[in-house]
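If you want the building blocks of each chain, they are given just below.
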Amino acid sequence: MNPDWIRVGDVALWVKGRGRKVDIDGQPVAVFWDGASWTALDDTCPHMGASLADGRLLGGELQCSWHEWRYDRTTGQCPLRPWARVRVHEVRIDAGGVFVKRPEPPKPAQAGGQDDDPEWLDWDPERYFKKK
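What comes next concerns the included structure. It should be emphasised that the depicted structure is a prediction, and the values quoted were computed from it without experimental measurement.

1. Side note on the overall build of the protein chain
- Helix and strand content of the protein chain: 1 helix and 10 strands.
- Tracing the protein chain from N to C terminus, the helices and strands come up as β-β-β-β-β-β-β-β-β-β-α.
- Of the accessible surface of the protein chain, which amounts to about 8,500 Å², a share of 49% is contributed by carbon and sulfur atoms.

2. Side note on the packing of aromatic side chains
- The full count for this structure, using the stated rule, is 3 aromatic pairs.
- Here Trp14 and Trp38 contribute two aromatic rings whose centre-to-centre distance is 5.5 Å and whose plane-to-plane angle is 80°, an arrangement assigned as edge-to-face. Of this pair, Trp14 sits in the loop between β1 (5–10) and β2 (19–24) while Trp38 is found in strand β4 (residues 38–42), placing the two residues 24 residues apart along the sequence.
- Residue classification places Trp14 among the buried residues on the basis of a relative accessible area of 4%.
- Cluster of aromatic residues (ring-pair linked, three or more members): Trp14, Trp33 and Trp38.
- Sitting over the ring of Trp14, Arg20 keeps its end group 5.3 Å from the ring centre.
- The cationic tip of Arg92 hangs over the ring face of Trp5; the distance from NZ or CZ to the ring centre is 4.8 Å.

3. Considering the pattern of salt bridges
- Evaluation of the coordinates by the stated rule reveals 6 salt bridges.
- For Arg73, the salt bridge identified is with Asp34, shortest N-O distance 3.1 Å. In this pair, Arg73 sits in the loop between β7 (70–72) and β8 (88–89) while Asp34 sits in the loop between β3 (27–33) and β4, placing the two residues 39 residues apart along the sequence.
- In this structure Arg73 comes out as buried when scored by relative accessible area, which is 11%.
- What makes Asp34 partly exposed here is its relative accessible area of 25%.
- Arg87 is the salt-bridge partner of Asp42, the closest N and O atoms lying 3.2 Å from each other.

Criteria and thresholds
Residues numbered from 1 in each chain as written. Predicted model: local features only at pLDDT ≥ 70, side-chain atom pairs only at ≥ 80, totals over all residues. Heavy atoms only, no water. Helix = DSSP H or I, 4+ residues; strand = E, 2+ residues; numbered from the N terminus. Areas by Shrake-Rupley, 256 points an atom, 1.4 Å probe, with all protein chains shown as cover. Phe/Tyr/Trp six-rings, centres within 6.5 Å; stacked < 30°, edge-to-face > 60°. Buried < 20%, exposed > 50% of the residue type's maximum accessible area, 1.4 Å probe, protein only. Lys NZ or Arg CZ within 6 Å of the ring centre and 35° of its normal. Salt bridge = Lys/Arg side-chain N within 4 Å of Asp/Glu carboxyl O.

What follows is the structure in C-alpha cells.
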C-alpha cells in the first residue's frame, strides 16, 4: 500500500450529499460524495473556523454552514473573497474504501481579512467561546 494515501473509511459510511470530517495526520479534512464524484477539502472555514464537513454541496461549490461562504470544489477558492481558500485533496476509491492523499504540510497563512474585504465580520472569540 502506498503510504501517501490514507484510508479514511468505507464507501458505505458516506451519505449522498453529506460530508464527513476525517483526520489525516492530525489535520481535519471534510470528505463529500455527491453520488457521482468525491471531494475532499481542508475542514476549517477560513472565515470563522466552522467545520466545512457540516456544509452542503451546491453544484461545483461547497457552502459553509455558518455564514454560507462558498468554496470551489476543484480549487478551494472562495469566488467572492480572493484571500479565502482551502486546500483540496485527491480522493480515490479502492476495494470499497475511501482514500485521501496525504497532504503537503500547510503553508503559512496569508494576510487577509478586514483590510482586504469590507464584508469581513469582526468578532471577538472571547464573547462566543467563554470558558466556564
